[in-house]
Amino acid sequence: MAINQTQQPLDAGRPVPEADERRSAAEPRPDAGPGAQPPEQAHRQRPSALEQAGGVRGLIYSALPVLAFVIGNNIGGLKTAIIAALALSVVIAAERLLRKESIMPAVGGVFGVAIAAGISWWTGSAKDYFLIGIWSNLAAALVFGISVLARRPLAGVLWNSMTGRGTAWQEDRRSRRDFSIATIVLTVIFAARFAVQQYLYEADEVGTLGTAKIIMGYPLLAVGLLAVAWAARASHRRLRAAEHAEH
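Residue numbers restart at each chain and count upward from 1, following the sequence in its written direction. Predicted model: local features are reported for residues with pLDDT of at least 70 only, side-chain atom pairs are reported and counted for 80 or more only, and whole-chain, interface and lining totals are derived from all residues. Heavy atoms from the whole structure form the basis of all side-chain values; hydrogens and water molecules are not counted.

J.: Break down the overall build of the protein for me, with residues and values.
T.: Put simply, DSSP marks the helices as runs of H or I at least four residues long and the strands as runs of E at least two long, and each gets a number from the N terminus on. Scanning the protein for helices and strands turns up 12 helices and zero strands. Helices and strands appear in the protein in the N-to-C order α-α-α-α-α-α-α-α-α-α-α-α. Burial classification: accessible surface area is computed with a 1.4 Å probe over protein chains only, and a residue below 20% of its type maximum counts as buried, one above 50% as exposed, and the rest as partly exposed. The burial tally for the protein puts 30% of its 247 residues in the buried class. Once local pairs closer than 6 in sequence are excluded, the contacts in the protein between residues at least 24 apart make up 66%. For accessible areas, the Shrake-Rupley method is used with a probe of radius 1.4 Å. Any residue's cover is judged against the shown protein chains and nothing else. Looking at the protein as shown, the accessible area adds up to about 15900 Å², and 64% of this sits on carbon and sulfur atoms. Contact between two residues is taken to exist if any of their heavy atoms lie within 4.5 Å; hydrogens are not considered.

J.: Describe in detail the nonpolar core, supporting the description with residues and values.
T.: Side chains of nonpolar character tend, in soluble globular proteins, to be buried together. Residues Phe69, Tyr129, Phe130, Ile134 and Leu209 are the most contacted members of the largest nonpolar core, which totals 20 residues. Sorting the residues of this core by element identifies helix H5 (55-76), helix H6 (78-98), helix H7 (103-123), helix H10 (173-202) and helix H11 (206-215) as the ones contributing at least two each. Residue contacts for Phe130: discarding those within four places in its chain leaves Val66, Phe69, Val70, Val206, Leu209, Gly210 and Lys213. To qualify as a nonpolar core, a set must consist of buried Ala, Val, Leu, Ile, Met, Phe, Trp, Tyr and Cys residues joined through side-chain atoms within 4.5 Å. In terms of nonpolar packing, the next biggest core, distinct from the first, is built from 14 residues, Ala140, Ala141, Phe144 and Ala182 among them.

J.: Residue-level account of a positive patch on the surface, with values.
T.: Only residues above 30% relative accessible area that lack a salt bridge enter a patch, with like-charged residues linked at up to 9 Å and the nonpolar side chains Val, Leu, Ile, Met, Phe, Trp and Tyr linked at up to 5 Å. Any carboxyl oxygen of Asp or Glu that lies within 4 Å of a side-chain nitrogen of Lys or Arg is treated as forming a salt bridge with it. Only four residue types enter the tally: Lys and Arg on the positive side, Asp and Glu on the negative side, with His and both chain ends excluded. Charge positions come from single atoms, namely NZ of Lys, CZ of Arg, CG of Asp or CD of Glu. A surface patch of positive charge is lined by Arg165, Arg233, Arg237 and Arg240. Secondary-structure assignment places Arg233 in helix H12 (residues 218-246). Given a relative accessible area of 62%, Arg233 falls into the exposed group.

J.: Please set out the packing of aromatic side chains residue by residue, giving values where relevant.
T.: Pairing of aromatic side chains requires ring centres within 6.5 Å, counting the rings of Phe and Tyr and the six-membered ring of Trp. Pairs whose planes differ by under 30 degrees are stacked, by over 60 edge-to-face, and all others tilted. Tallied over the full model, the rule gives six aromatic pairs. With a centroid separation of 4.0 Å and an interplanar angle of 15°, the aromatic rings of Phe69 and Tyr129 are classed as stacked. Note that Phe69 is positioned in helix H5 and Tyr129 in the loop between H7 and helix H8 (131-149), a separation of 60 residues in sequence. Its relative accessible area of 7% is what places Tyr129 among the buried residues. Three or more aromatic residues joined by ring pairs make a cluster, and in this case those are Phe69, Tyr129 and Phe130. Only lysine NZ and arginine CZ atoms are considered, and such an atom sits over a ring when it is within 6 Å of the ring centre and within 35 degrees of the ring normal. The residue whose ring lies beneath Lys127 is Tyr201, and the NZ or CZ to ring-centre distance is 4.5 Å.

J.: Requested: an account of a nonpolar patch on the surface, with residues and values cited.
T.: Together, Leu67, Ile71, Ile75, Ile214 and Ile215 make up an exposed nonpolar region whose accessible area comes to about 470 Å². Those elements that provide at least two residues to the nonpolar patch are H5 and H11. Ranked by the residues each element gives to the nonpolar patch, the list is headed by H5, at three residues.

J.: So, the environment of Met216: which residues are in play, and what are the values?
T.: Within the element layout of this structure, Met216 appears in the loop between H11 and H12. Since its relative accessible area comes to 12%, Met216 is described here as buried. Separated by 26 residues in sequence, Met216 and Phe190 place their C-alpha atoms 9.3 Å apart. With residues up to four places along the chain from it excluded, the contact list for Met216 reads Ala192, Arg193, Val196 and Gln197.

As structure tokens, this is what we get:
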């Protein structure tokens, strides 16, 4: 009885945490730094691939030099096309820098147009402006396809490397299957790009080739990224459930 009398005051005197205090326990501590965030919130705020490319505006900007090249070639020939594409890419890069956007898309855009224009100028053929893109699609199709045969689907390798999720997905058979499906989708996209654009290249259809490059660019890539996102979500859900089951 004496023990109970001693414990009762101790329990009665212990303060009950308020709702605000319970919420503050889930917030980052002051000593964690002024910019500290919960891991979940930091993960949600990681820039997406679309944001890193400059958003929807960046996708539109990437198609404009191609359009300028085709129009310039139809109006004044190869020289006019090269000047139009280069000038527009520089203007786009300057506008991005003024808006304080990421410098990599700006510099990469000018560099890519300059290389393509240089090859076209050197060969004297307008269709060679698209040569690097055509063969890059074939190379990508081969690399992605081989990764599936090697049971290391590249979609899973790239996604989990960029998101920092490690290699646990490789030990899960269904995760490998889902990422293999996503990788096959990307392989088909790259292969289709190569087949169509190579055919138009051989037919010397510069205008149609430019149109095909734009239409088969980011719209088809978006389909591939949706497949990757589906595989990643399914894999993450299974791995998290398996981890909770172990505990």
